[in-house]
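Structure assessment
Read off the chains here:
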Amino acid sequence: MTQRTLIIGGATGIGFAVAQLLATRGEHIILAGRHHDKLQHACQQLQTTGASAESLVLDIADEVQLERLARTLEPVDNIVVTAGSQAPGGAFTTLDLKTAKQAFDTKFWGSLAVARHLSGKIKPGGTLTLTSGFLARRTVPGTLVKTTMNAALEAAVKMLAKELSPLRVNAISPGLTDTEAYAGMAPEAREQMLVRAAENLPAKRYGRAEDLAKGYLFVIDNPFVTGSIVDIEGGALIN
């Protein structure tokens, strides 16, 4: 029977790479995100390869939208959340706390709202996979919001795995990955930044979206994995 996977944040980057891999297995993909045009483009890309795909507009920071979706969504086998937020950086003393709270509202509270309202739509034996980030366990000045937001999410994953059992709940923790998140940089500057960062990693390369996507498939496919944080960061945490 064809599996159905909802990917929130699936129009671009890591989420879309997960969609592409699942589509090669004949699964039905539901892409969700805030931007209709990006969703339509991604959906068309999948469909041109013969994949079964649909899309829906969704802002996980808006709990009303999640409540509405919970009433209409047909049961799925897996939910993947790769939707992120623009977390402000810089010294704590000059941090814009309003913007920091907005970042938490999307990535942290939005992910928990997905778990609360949509976990009941996941079929027995299914999975919920969230996305944190390697800064959760790195002390880097100027990254307070990203660090605390991702650390909170990782702690929540372990609690959710207990409370929502037998649903399996995990998180993938990416390191530096070449995605549309850096689209605002000039191509040459972007490549130079990535190459310099790769030189300092034990793996001697930076991540690609397809590298991360394989981690999501691992936790989806392995029935003995729950409450886990899977680090895919080129060795950044051992530097």
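Quick summary incoming for the structure in this document. Within every chain, residues take consecutive numbers counted from 1 along the sequence as written. Side-chain atom pairs in this predicted model are given and counted only at pLDDT of 80 or more, local residue features only at pLDDT of at least 70, and totals for whole chains, interfaces and linings cover all residues. Derived side-chain values reflect all non-hydrogen atoms in the structure, with water molecules and hydrogen atoms excluded from consideration.

**Describing the overall build of the chain**
Selection criterion: Comment: elements are numbered from the N terminus, with helices defined as DSSP H or I runs of at least four residues and strands as E runs of at least two. Restricting the calculation to C-alpha atoms gives the radius of gyration, and the globule rule supplies 2.2 Å times the number of residues raised to the power 0.38. Burial classification: accessible surface area is computed with a 1.4 Å probe over protein chains only, and a residue below 20% of its type maximum counts as buried, one above 50% as exposed, and the rest as partly exposed. Contacts are assigned to residue pairs with any non-hydrogen atoms lying within 4.5 Å of each other. Positive charge is attributed to Lys and Arg, negative charge to Asp and Glu, and no charge count is given to His or to the chain ends. One atom stands in for each charge, and that atom is NZ of Lys, CZ of Arg, CG of Asp or CD of Glu.
Scanning the chain from terminus to terminus reveals seven helices and nine strands. Against the compact-globule benchmark of 18 Å for 239 residues, the chain has a radius of gyration of 17 Å, which places it among compact chains. For the C-alpha atoms alone, the extent of the chain along its principal axes is close to 45 × 35 × 35 Å. Going through the 239 residues of the chain one by one, you find that 49% of them count as buried. Counting contacts in the chain only where the partners sit at least 6 residues apart, residues at least 24 apart contribute 71% of the total. For the chain, the separation between the mean place of its 24 positive charges and that of its 23 negative charges on side chains is 3 Å.

**Thoughts on the packing of aromatic side chains**
Note the cut-off: The rule is short: rings of Phe, Tyr and Trp, with Trp giving its six-membered ring, pair when the centres are within 6.5 Å, and they are stacked under 30 degrees, edge-to-face over 60, tilted in between.
Taken as a whole, this structure holds two aromatic pairs when the rule is applied. Centroid distance F104 to F108: 6.1 Å. Interplanar angle 65°. Geometry classified as edge-to-face. Of this pair, F104 and F108 both sit in helix 4 (residues 97–118), four residues apart, roughly one helical turn. The exposure class of F108 is buried, given its relative accessible area of 10%.

**Let's talk about the environment of G207**
Mapped onto the elements of the fold, G207 is located in strand 8 (residues 207–208). Looking at G207, the relative accessible area reads 14%, which means it is buried. Between the C-alpha atoms of G207 and G175, which are 32 residues apart in sequence, the distance is 7.1 Å. If we ignore the near neighbours within four places in the chain, the residues touching G207 are L176, T177 and D178.

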